[in-house]
Amino acid sequence: MIDTSAIFTDAVTLTETEPEHFDRAFTAVTQPCPWPKAYGGDLVAQAVVAAIRTVDGKHLHSTHSYFMRPAEIGAEVRYEVEVLRDGRGYSTRQVRGYQSGKPIFVCLANFAAGGPGGELQSKMPANIADPKSLPSSADYLTGQSGGTMTETSRDYWSHGRSFDMRHVPGPVYLTVDGDHVPHQAVWVRPFDTLRDVAGLDDQQRDTAALSYVCDYTILEPTLRALGLAWADDGLVTASLDHSMWLHRSATVDGWLLYAQEAVSASDGRGLNLGRFFTPEGTHLATVVQEGMIRTSTGAAR
């Protein structure tokens, strides 16, 4: 498999169509992955792009979403956008994703014109290893086997996610590499230069890129703390709800640090917090996501 970021840009290339429920509508296709359901970041990023394409003169500053049903892989999703409000300073959109006529995803997105104000930001974690000193997922998984990992899932983790991901202290693919602590960091960057996306400028595309990549590893702090790995027999996970705040514009053309921590785990759910930083320490975005985390093969949403 060739390392390429085209999987992401293909995912967020939307086609406008006639609305059936609300004010504007777009269609997109979920991308291949080796699991029974599509990657949740496809839905988050596609809904973000659908909302962005209905707003002029403002930038996305927050989204709040629920995953209601599993999405079919390689199938079309219809995103219906409701224009809730357009004010001078802020605009709000509701986006619903439909597949096979059923709602599978809902998102509220808010946009801001921006203006003068004070400046405050979180500090980047200190003493994080340089990404060039860390193995890529492909390097780490070469020659590895075990658990539920297949050749297909190893190739996907290594090459199929559009982004190079390097874990600190180490990944949780086959085992928990490192201490069982409720925090970790992941360096991420596109495998190659992001391609143009129809209907978006570069800043909007890069906002969509953060919305896309943020879902891959955000449940891992809970897995790490509980001593669970992705390839464990009987592990069942699913994204439940998701919020993201965009604090500052990001250029997604090099390494970004995704610092993550587990906030709570109980009743088969885990809540996790993530923050994106540039290598220089600029705090770009904050993510909060709750996911289902169960260790019974009979578990059901």
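It should be emphasised that the depicted structure is a prediction, and the values quoted were computed from it without experimental measurement. Within every chain, residues take consecutive numbers counted from 1 along the sequence as written. For this predicted model, a pLDDT threshold of at least 70 governs which residues receive local features, and a threshold of 80 or more governs which side-chain atom pairs are given and counted, while totals over whole chains, interfaces and linings are taken from all residues. Water and hydrogen atoms were dropped before computing side-chain values, which therefore reflect all heavy atoms in the structure.

So, about the overall build of the chain. A count of helices and strands for the chain gives six helices and 12 strands. Its C-alpha atoms give the chain a radius of gyration of 18 Å, within 12% of the compact-globule value 19 Å for 301 residues. By principal-axis analysis of the C-alpha atoms, the chain measures approximately 50 × 45 × 40 Å. Relative to its full complement of 301 residues, the chain shows a buried share of 54%. Pairs at least 24 residues apart make up 73% of the contacts formed inside the chain by residues separated by at least 6 positions. For the purpose of charge, His is not counted, nor are the chain termini; Lys and Arg are scored as positive and Asp and Glu as negative. Positions of charges follow a simple convention, taking NZ of Lys, CZ of Arg, CG of Asp or CD of Glu. When the 25 positive and 36 negative side-chain charges of the chain are each reduced to one mean point, those points stand 5 Å apart. Segments assigned H or I by DSSP are reported as helices when at least four residues long, segments assigned E as strands when at least two residues long, and all are numbered from the N terminus. Put simply, the radius of gyration uses C-alpha atoms, and a globule should come to 2.2 Å times the residue count raised to 0.38. Accessible area is worked out with a 1.4 Å probe on protein chains only. A residue is then buried under 20% of its type maximum, exposed over 50%, and partly exposed in between. Contacts are assigned to residue pairs with any non-hydrogen atoms lying within 4.5 Å of each other.

Pairs were defined over the aromatic rings of Phe, Tyr and Trp, the Trp ring being its six-membered one, requiring ring centres within 6.5 Å. Orientation was assigned from the angle between planes: stacked under 30 degrees, edge-to-face over 60, tilted for the rest. Inspection of every chain in the model, using the stated rule, returns 13 aromatic pairs. Geometrically, the ring pair formed by Tyr 39 and Tyr 216 is stacked, given 3.8 Å between the ring centres and 5° between the ring planes. Taken together, the positions of Tyr 39 in the loop between strand E2 (24-29) and helix H2 (40-52) and Tyr 216 in the loop between helix H5 (202-213) and helix H6 (220-226) put the pair 177 residues apart, joining distant regions of the chain. Among the residues examined, Tyr 39 registers a relative accessible area of 8% and is labelled buried. Judged by relative accessible area, which is 8%, Tyr 216 ranks as buried. Centroid distance Tyr 140 to Tyr 173: 6.5 Å. Interplanar angle 55°. Geometry classified as tilted. You can see Tyr 140 sitting in helix H3 (residues 137-141) and its partner Tyr 173 sitting in the loop between strand E7 (163-168) and strand E8 (183-190), a full 33 residues away along the chain. By relative accessible area, which is 21% here, Tyr 140 ends up partly exposed. The structure contains a cluster of three or more aromatic residues connected by ring pairs, namely Phe 8, Trp 35, Tyr 39, Tyr 140, Tyr 156, Trp 157, Phe 163, Tyr 173, Tyr 212 and Tyr 216.

Bringing the side chain of Thr 63 into the picture now. Mapped onto the fold, Thr 63 is located in strand E3 (residues 59-67). Excluding its chain neighbours within four sequence positions, the residues that come into contact with Thr 63 are Val 48, Cys 107, Leu 108, Ala 109, His 242, Ser 243 and Met 244.

Moving on, we come to the sheet that holds E8. Two strands pair under a simple rule: DSSP has to find at least two bridges between them. Strand order in the open sheet formed by 12 strands is E1-E2-E4-E5-E6-E3-E9-E12-E11-E10-E8-E7, with antiparallel pairing between adjacent strands. Each edge of the sheet is formed by a strand with only one pairing partner; in this case those strands are strand E1 (15-17) and E7. Neighbour-to-neighbour, the strand axes of the sheet open up by a mean angle of 25°, direction not taken into account. Two elements, strand E10 (residues 256-266) and strand E11 (residues 269-277), share nine bridges in a ladder whose sense is antiparallel. Lines fitted to the C-alpha atoms define the axes, with helices restricted to the stretch that makes contact. Angles between their N-to-C directions range from 0 to 180 degrees.

Glycine aside, residues mostly have negative phi angles, and peptide bonds mostly take the trans form. Residue Val 168 is joined to Pro 169 through a cis peptide bond whose omega torsion reads 10°. Structurally, the position occupied by Pro 169 is in the loop between E7 and E8. One non-glycine residue, Asn 127, adopts positive backbone phi at about 60°. Despite not being glycine, Asp 267 has its phi angle at roughly 55°, a positive value. Looking at where Asp 267 falls in the secondary structure, it is placed in the loop between E10 and E11.

Moving on to the UniProt feature "domain: Acyl-CoA thioesterase 2 C-terminal" (unreviewed entry) in the chain. Here the UniProt-annotated "domain: Acyl-CoA thioesterase 2 C-terminal" (unreviewed entry) positions come out as residues 166-292. As annotated, residues 166-292 comprises 15% helix and 41% strand, and the C-alpha atoms at either end are separated by 24 Å. UniProt positions are given in the numbering used here, feature names are shortened, and annotations may be inferred rather than shown by experiment.

All right, on to H2 then. Its 13 residues give H2 an end-to-end C-alpha distance of 19 Å, which sits within 8% of 18 Å, the value for a rise of 1.5 Å per residue. In terms of burial, H2 is largely enclosed, as 13 of its 13 residues are buried. A helix is expected to reach a length of 1.5 Å times the quantity of its residues less one.

Turning to the pairing of E2, a few remarks are in order. Note that E1 and E2 share three bridges and pair antiparallel. Residue pairing across strands places Thr 17 opposite Ala 25, the latter belonging to E2. The turn linking E1 back onto E2 is made up of six residues.

By definition, a salt bridge exists where a carboxyl oxygen of Asp or Glu is found within 4 Å of a side-chain nitrogen of Lys or Arg. Following the criterion strictly, the structure yields 11 salt bridges and no others. With its nearest N and O atoms 3.0 Å apart, the salt bridge here joins Arg 93 to Asp 86. Note that Asp 196 is salt-bridged to Arg 205, the shortest N-O span being 4.0 Å. Under the relative-accessibility criterion, Arg 205 is labelled buried at 9%.

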